[in-house]
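# Tertiary structure, described
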Amino acid sequence: QVQLVESGGGLVQAGGSLRLSCVVSGRTISDLNMAWFRQAPGKEYEFLSAINWSASTYYADSVKGRFMISRDSAKNLGYLQMNSLKPEDTAVYYCAVDPSNFGRQTYGYNYWGQGTQVTVSS
């Protein structure tokens, strides 16, 4: 059974940085496609970034140039480095993985973490 646990969220001032981590258990991360999503209060899930099994990366326009996705296969960890944070980045952030599906849609990923809150103050 694949399980994910996110960490690294918190309160940060606008312009600051945070690095989110997603520890994966039950499967080797390099065999998985991983994505990060977020959900702000009252809004739909928003795709942020994805990395596939071959380490190709993709970003939403809203975070391109500010966020960077990566993974550490030795630690079975995924990361989302977030720089130049804005108040509109405030949301619960989720990592998600799937061994075969990949893309920008939430329904493509069968395994999800519990989420970590990111709050950016102005």
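The structure reproduced in this document is the subject of the present report. What you see is a predicted model; the values in this text were computed from it and never measured. (Residues numbered from 1 in each chain as written. Predicted model: local features only at pLDDT ≥ 70, side-chain atom pairs only at ≥ 80, totals over all residues. Heavy atoms only, no water.)

Now for the pattern of salt bridges. As enumerated under the stated definition, the model contains four salt bridges in all. Here Arg 38 and Asp 89 are joined by a salt bridge, their closest N and O atoms 2.8 Å apart. Residue Arg 38 is located in strand 4 (residues 33-39), and its partner Asp 89 is located in the loop between strand 8 (77-82) and strand 9 (91-98); the two are separated by 51 residues in the primary sequence. There is no split in this pair, since Arg 38 and Asp 89 are both buried. (Salt bridge = Lys/Arg side-chain N within 4 Å of Asp/Glu carboxyl O. Helix = DSSP H or I, 4+ residues; strand = E, 2+ residues; numbered from the N terminus. Buried < 20%, exposed > 50% of the residue type's maximum accessible area, 1.4 Å probe, protein only.)

Tracing the sequence through the fold places Trp 53 in the loop between strand 5 (45-51) and strand 6 (57-59). Taking the C-alpha atoms as reference points, Trp 53 and Met 34, 19 residues apart in sequence, are found 8.0 Å from one another. Sequence-distant contacts of Trp 53, that is, excluding residues within four places in its chain, are made with Ser 30, Asp 31, Leu 32, Asn 33 and Arg 71. (Contact = heavy atoms within 4.5 Å.)

So, on to the nonpolar core. Counting residues in each nonpolar core, the largest one holds 34 residues, and the members touching the most others are Val 24, Met 34, Trp 36, Phe 67, Leu 80, Met 82 and Tyr 93. Mapped onto this core, the elements with two or more residues apiece are strand 3 (18-25), strand 4, strand 5, strand 7 (67-72), strand 8, strand 9 and strand 11 (116-121). By residue number, the principal contributor to this core is strand 9, which donates five residues. Residue contacts for Val 24: discarding those within four places in its chain leaves Val 2, Gln 3, Leu 4, Ile 29, Leu 32, Met 34 and Asn 76. (Core = buried A, V, L, I, M, F, W, Y, C linked by side-chain atoms within 4.5 Å.)

To continue, consider the sheet that holds strand 7. Pairing is antiparallel in the open sheet, where four strands are placed in the order 1-3-8-7. The open sheet terminates on both sides in strands that have one partner only, identified here as strand 1 (3-7) and strand 7. Adjacent strand axes in the sheet meet at a mean angle of 15°, parallel and antiparallel pairs treated alike. Where strand 7 lies against strand 8, six bridges are found, and the strand directions are antiparallel. For Phe 67, the partnering residue across the bridge sits in strand 8 and is Met 82. (Pairing = 2+ DSSP bridges. Axes fitted to C-alpha atoms, helices over the stretch in contact; angles between N-to-C directions.)

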